[in-house]
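Residue-level structural notes
So you can see what is in the structure, the chains are spelled out below.
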Amino acid sequence: MTAETRSHRRTTTLPDAFGVFVRRPSPWIITTLLAGALAARIAVGDWQLTDALVAGVMLAFFPVTEWMIHVCILHWRPRRIGRLTLDSLLARKHREHHADPRRVDLIFIPWQTFLWLFPALVLVAALAFPRIGLGLTFLTVVGVLGLAYEWTHYLIHTDYQPRTRLYTAVRRNHRLHHFKNEHYWFTVTSSGTADRLLGTNPDPASTPNSRTATALHGTGR
């Protein structure tokens, strides 16, 4: 079996899906961040009500954060400034993902992204919060949300069929984005939350099919 065939194989059960999931680098990288942040948070102690507040606010705003990353970073249209082309690895990989939504390695966050993302998150944790414990709470929640995103996004792109109404709605929402119209339905781990708020949750029945859903910006690359 070739690598290309393995990347498109049918995955119909949760154990099958999890077996593939744990063989990808990004879940392990995020788990390392989560484990380190959680261990440090427990060691520091000094738990306060603001820890719960930060976690709650992050959870509440995650759909909007997810929407903004999807729209502004992943769907970035390459721009030329003189001889320089502005086009990030994340945007390039996301265009490839739209071109081939079943290819497993393109579903996950590229490992190279973490080379700059982790230092940036640590810097935010160290400078944006009044105490180190609160910054570590921030990093811990980031790890939890990151793993939830990677797992949900991967599972949506497998052949695993929904067993709950919540996952049915989440899966339908993201598959509309991929196979109906890429200009709408940008949330991944929730269904129609930030999309309703930001005007990208139209009635699918009255929304035209896009000819560029698998070829973002008409390039597919």
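Every chain begins its residue count from 1, and numbering advances along the sequence as written. The predicted nature of this model means local features are confined to residues of pLDDT at least 70 and side-chain atom pairs, given and counted, to a pLDDT of 80 or more, with totals for whole chains, interfaces and linings taken over all residues. Processing note: side-chain calculations cover all non-hydrogen atoms of the structure and skip hydrogens and water entirely.

**Describing the overall build of the protein**
Secondary structure elements follow DSSP: runs of H or I no shorter than four residues count as helices, runs of E no shorter than two count as strands, and numbering proceeds from the N terminus. Tallying secondary structure elements over the protein gives nine helices and two strands in all. Atoms counted for the radius of gyration: C-alpha only. Globule rule: 2.2 Å times the number of residues to the power 0.38. Scaling as 2.2 N^0.38, a compact globule of 221 residues should have a C-alpha radius of gyration of about 17 Å, and the protein matches this with 19 Å. Across its three principal axes, the protein shows a C-alpha extent of roughly 55 × 50 × 40 Å. In the protein, which comprises 221 residues, the share counted as buried stands at 43%. A separation threshold of at least 6 residues defines the contact pool for the protein, and within that pool the share at least 24 residues apart is 64%. Summed over its atoms, the accessible surface of the protein is roughly 12,300 Å², and 66% of this surface lies on carbon and sulfur atoms. Counting rule for charge: Lys and Arg are taken as positive, Asp and Glu as negative, and neither His nor the chain ends is counted. Here the site of a charge means NZ on Lys, CZ on Arg, CG on Asp, or CD on Glu. Taken as two groups, the 25 positive and 14 negative side-chain charges of the protein have centres that lie 4 Å from each other. For each residue, the accessible area found with a 1.4 Å probe, counting protein chains only, is set against the maximum for its type, and the residue is called buried under 20%, exposed over 50%, and partly exposed in between. Working rule for contacts: check all heavy atoms of both residues, and any pair within 4.5 Å makes them a contact. For the area figures, the Shrake-Rupley method with a 1.4 Å probe applies, and any residue is considered shielded solely by the protein chains shown.

**A few points about the side chain of Glu150**
Relative to the helices and strands, Glu150 is located in helix α7 (residues 132-156). One polar contact links Glu150 to Ser26, side chain to side chain, over a distance of 2.4 Å. Any N or O atom pair separated by 3.5 Å or less is treated as a polar contact, with the protein-specific requirement of one donor-capable and one acceptor-capable atom, and with residues adjacent in sequence counted only for side-chain atom pairs.

**Let's talk about the pattern of salt bridges**
We count a salt bridge whenever a side-chain nitrogen from Lys or Arg sits within 4 Å of a carboxyl oxygen from Asp or Glu. Counted by the stated rule, this structure contains seven salt bridges. A salt bridge links Arg103 to Asp105, with the nearest nitrogen and oxygen atoms 2.8 Å apart. A relative accessible area of 26% means that Arg103 is categorised as partly exposed. Shared partners join several salt bridges into a network, and the residues in it are Arg41, Asp46, Asp51 and Arg131.

**Remarks on the layout of surface pockets**
Both cavities and pockets are sets of points on a 1 Å grid over the protein atoms alone; in a cavity a 1.4 Å probe fits but cannot get out, in a pocket the set is open with protein on both sides within 12 Å along at least five of seven lines, and lining residues sit with an atom within 4 Å of a point. Grid points are joined across faces, edges and corners, and a volume is the space filled by probe spheres set on the points. Looking at the largest pocket, its volume works out to about 860 Å³. What lines the largest pocket is a set of 35 residues, among which Phe62, Thr65, Ile69, Ile109 and Leu117 lie closest to the centre. Looking at the lining of the largest pocket, the elements that each hand over two or more residues are α3 (25-44), α4 (49-74), α5 (89-99), α6 (114-127) and α7. With nine residues, the top contributor of residues to the lining of the largest pocket is α4.

**Here we look at the packing of α4 against α7**
Axis separation between α4 and α7 bottoms out at 10 Å; the angle between their running directions is 35°. Here α4 and α7 pass one another in a crossing that is right-handed. Contacts between α4 and α7 pair Thr50, Asp51, Val54, Ala55, Met58, Leu59, Phe62 and Glu66 from the former with Gly133, Leu134, Thr137, Phe138, Val141, Val142, Leu145 and Tyr149 from the latter. Polarity classes work like this: nonpolar for Ala, Val, Leu, Ile, Met, Phe, Trp, Tyr, Cys and Pro, charged for Asp, Glu, Lys and Arg, and polar for all others, with Gly in that last group. For the contact of α4 with α7, the residue count by class is 11 nonpolar, three polar and two charged. Only the stretch in contact is used when fitting a helix axis, every axis being a line fitted to C-alpha atoms; angles between N-to-C directions are given from 0 to 180 degrees. Less than a right angle of anticlockwise turn of the near helix away from the far helix marks a crossing as left-handed, whereas a clockwise turn marks it as right-handed.

**Concerning the UniProt feature "transmembrane region" (unreviewed entry) in the protein**
Per the UniProt record, the feature "transmembrane region" (unreviewed entry) sits at residues 28-47, 53-76, 106-129 and 135-156. Secondary structure across residues 28-47 comprises 85% helix and 0% strand; the distance between its end C-alpha atoms is 27 Å. UniProt positions are given in the numbering used here, feature names are shortened, and annotations may be inferred rather than shown by experiment.

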